Amino acid sequence: MSGDGDRPPGSGDVSTPFGDLARYVEIPRVSGLRLAPDGTWLAAVVQTLSPDRKKFVSSIWRLPAQPGPGATPRRLTWSPDGEKDPRFRPDGTLLFLSRRPAQQAGPDDETAADQAALWRLPAGGGEAVREAALPGGVSAIGTAVRADAVVLSAPVLAGAGPGPASGDGPASGGATAEDDARLRQAREDAGVTAILHESVPVRYWDHDLGPAQLRLFAVADGAAPRDLTAAARDLTPRPGRALDQQAFALSPDGRTVVTGWWRREGRGESRAELAAIDVAGGDRRTLLSQVAFDYENPAVSPDGRQVACIRSAHHTPEGPGDVTIVTAPLAGEAAERDLLPGFDRWPAELAWSPDSAAVYFTADDQGRRPVFRVGLETGRVTRVTGDDGAYSDLNPAPDGRFLYALRSSVDEPPTPVRLEAAEGQKPARLASPGTPLTRPGHLTEIEAAADDGTPIRSWLVLPPAASVSAPAPLVLWVHGGPMSSWNSWSWRWNPWLMAARGYAVLLPDPALSTGYGLDFIARGYHHWGDRPYADVMAVTDAALARPDIDSSRTAMMGGSYGGYMANWIAGHTDRFRAIVSHAGLWVLDQMFGTTDLPMFWRPQFGDPLTEPERYEASSPHRHIARISTPLLVIHGNQDFRVPVGEALRLWWDLNRHGAEARFLYFPDENHWILGPGHAQVWYDTVFAFLAQHVLGQPWRRPDLL
């Protein structure tokens, strides 16, 4: 371990940015990618630190699509309010969303103040111009491949405009911007912020749902830029909460928009259908729907004939639901087709090949997230990428030769790459801000057999100085989810910050992790505590058997489900010197009734009033009396996924039982702690806590606390 007791708790090996938190938050972060229609460049969303260092601001960069010398990224937008969601029109015009103020005064300026609006950057360059602003802002953009058509998603107050409340039919009598602006002003004048809910859920992650409803608006072709707000036509009057968190896509000719559509079925149950809406007339019809299935994230084929989407079976008391890709004709009544029968991995993202003959998709697999290709005619699935990467943001080139994507891994941040469309290709990295980075150490892979014989694989991050003569202390870090995997880079949960301070970090994929098949998830489906715990302990034993790891100096940490596992481990073993529990579940029947998505867990655990057994068996709070390991509890007040009541109850229980603990509380942060300053305080506190209990250094309270 580098450093000594006189150094600040956040200090480390400063030969890389990971040893200095102030430098770490300055690294540019690529978070989105969109290929221009001519295939020569990509619009990338890049987050950078604001001049006052108090927030991250996203901007849009132009990245050359060709790798090699001379390919230089260029920043296109510079607003202090940031830009996001780049989309292209067929002529190469770039559309994006931004809260920046308009250059020209207009009647919509006041009503849309401080709200994201639609902006246009001409294909030939020049100044960006605001095209459309709605009173509640614009949430998302959809464009067509071959037509100059634009559809916007925007929040509108429920009382704005007449129309049918539900069901198929035309979008007659939809809302106008004037309707919405008038209602918003009336609420403000009356001092009203109340929300009347008529269905669940009522919150999502870190924000309330309502009083506005998301709606889709068609922007008329050929309208002058200053007329686009007035020309925005409501396609989905009175949708209720049908469009919450749903993606939509336009057909290549711009005549149809396909969107996910929630159908609420009472008693807290719901399912996502796929709906097709005629842009000209507003008629909506159900395209795909089955009881106990969700259809989401649609994509229309380039020839305009087929729709592909992710279909997820609902979890049931018997076991976890499977996930696949299905297709259906955009017109007609033909049945859906499962493209991946027998494929024992969960697809996460999809994109059509330019000839409409295949679908590219990603799926977690053995600690990676490769790109796959499935042919529509043959049904054959092939793996396109042959490396250890985790891919996202798939962008097939118009000529079908290349596939562009963001590639990351546990040891590399998201980086734009170009792939040959053939299978087994290695990525060619493109010029991008913030990369490459020098890491403090190296990554290896280990595997151990669980007590039931199942192989459990993990990544192991080793610091530079780890050796037989100088074994490194170990931090076990359990991922969240729980149905996820340690397979990609994380700016928020970054093990290289630990490695820069001399720690080895073990990143296991226990039961419930994705990328190992449905049976592997099912192993822990009804046993959130004991089954993953046994898996984690088995692979921890394997790591501690290495001569370059110091088995006498260990700690454990985790966030979300990883925080749950931290709480569980604290009540089941004293083998660790310290445990960090971030946003951890503590009392299961309490948490499952106050979280933003109680319907997700209910099928797994049942009704806590009539079926309390699973809650009791898997609830960490039942083992409070056995906790003897020092615990650092961390939580954000705006966390609605794991409400702060879990931390408050845990903190009280620890104090009531005399356990050694500290509580780091963020009044205005959510599940992840996103502010740059708060992220630094988070790590400073964790480093100080681990230094005290794992390294035997004196406790040093971080200066800003």
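Above this text is the structure in question.
Our subject in this report is the structure included herewith. What you see is a predicted model, and the numbers here were worked out from it, not measured in a lab.

## Side note on the pattern of salt bridges
The final tally for this structure, using the stated rule, is 38 salt bridges. Two residues, Asp244 and Arg241, come together in a salt bridge whose shortest N-O distance is 2.6 Å. In this structure, Glu445 engages Arg457 in a salt bridge whose closest nitrogen and oxygen atoms are separated by 2.7 Å. One end of the pair, Glu445, is in strand 31 (residues 442–449); the other, Arg457, is in strand 32 (residues 455–462), with 12 residues separating them in the sequence. Overall, Glu445 belongs to the partly exposed group, its relative accessible area being 35%. Take Arg457: its relative accessible area is 3%, and that puts it in the buried class.

## A look at the sheet that holds strand 24 (residues 358–363)
Here 4 strands make up an open sheet; going across it, the order is 23-24-25-26 and the pairing antiparallel. Because the sheet does not close on itself, it has two edges, and the strands there are strand 23 (347–352) and strand 26 (381–383). Strand-to-strand twist in this sheet, taken as the mean axis angle between neighbours without regard to direction, amounts to 30°. Of the strand pairs in this sheet, strand 23 and strand 24 are connected by 5 bridges, and their pairing is antiparallel. Bridging across to strand 24, Pro347 finds its partner in Ala363.

## A look at helix 7 (residues 561–570)
Burial of helix 7 is extensive: 10 of the 10 residues sit out of reach of the surface. For helix 7, the full list of buried residues reads Tyr561, Gly562, Gly563, Tyr564, Met565, Ala566, Asn567, Trp568, Ile569 and Ala570.

## A look at the sheet that holds strand 27 (residues 390–396)
Read across the open sheet, the 4 strands follow the order 27-28-29-30; overall the sheet is antiparallel. With one partner strand each, in any of the chains shown, strand 27 and strand 30 (428–429) form the two edges of the open sheet. Where strand 29 (residues 412–420) and strand 30 come together, 2 bridges link them in antiparallel fashion. Following the sheet pairing, Arg418 is matched in strand 30 by Ala428.

## A closer look at the pairing of strand 19 (residues 293–300)
Counted residue by residue, strand 19 has 7 buried out of 8 residues, so it is predominantly covered. As defined by bridge partners, strand 19 adjoins strand 20 (residues 306–313) across 6 bridges and the pair is classed as antiparallel. Within strand 20, the residue paired with Tyr295 across the bridge is Arg311. Connecting the antiparallel pair strand 19 and strand 20 is a turn made up of 5 residues, with Gly304 showing a positive phi of about 75°.

## Here's the deal with the side chain of Arg215
By the secondary structure assignment, Arg215 is in strand 13 (residues 212–219). Polar contacts involving the side chain of Arg215 include one to the main-chain carbonyl oxygen of Leu157, which spans 3.4 Å.

## Points about helix 2 (residues 177–190)
Two residues of an α-helix separated by three or four positions point the same way, owing to the 3.6 residues in each turn. The end-to-end C-alpha distance of helix 2, which contains 14 residues, comes to 20 Å, matching closely the 20 Å that a straight helix rising 1.5 Å per residue would cover. Every buried residue of helix 2 is accounted for by Ala177, Asp179, Asp180 and Ala181. Positive phi shows up at Gly191, right after helix 2, with a value of about 70°.

## Describing the packing of helix 6 (residues 530–544) against helix 7
Axis angle and axis distance: for two packed helices, these are the angle between their axes and the distance between the axes, and together they describe the pair. With their axes 11 Å apart at the nearest point, helix 6 and helix 7 run at an angle of 80° to one another. One finds that helix 6 runs roughly perpendicular with respect to helix 7. Counting all contacts with helix 6, which are made through Asp530, Pro532, Tyr533, Val536 and Met537, the residues of helix 7 involved are Tyr561, Met565, Trp568 and Ile569.

Definitions and limits used
- Residues numbered from 1 in each chain as written.
- Predicted model: local features only at pLDDT ≥ 70, side-chain atom pairs only at ≥ 80, totals over all residues.
- Heavy atoms only, no water.
- Salt bridge = Lys/Arg side-chain N within 4 Å of Asp/Glu carboxyl O.
- Helix = DSSP H or I, 4+ residues; strand = E, 2+ residues; numbered from the N terminus.
- Buried < 20%, exposed > 50% of the residue type's maximum accessible area, 1.4 Å probe, protein only.
- Pairing = 2+ DSSP bridges.
- Axes fitted to C-alpha atoms, helices over the stretch in contact; angles between N-to-C directions.
- Polar contact = N/O pair within 3.5 Å; in protein donor to acceptor, adjacent residues only side chain to side chain.
- Expected span 1.5 Å × (residues − 1).
- Parallel < 35°, antiparallel > 145°, perpendicular 65-115°, else oblique.
- Contact = heavy atoms within 4.5 Å.

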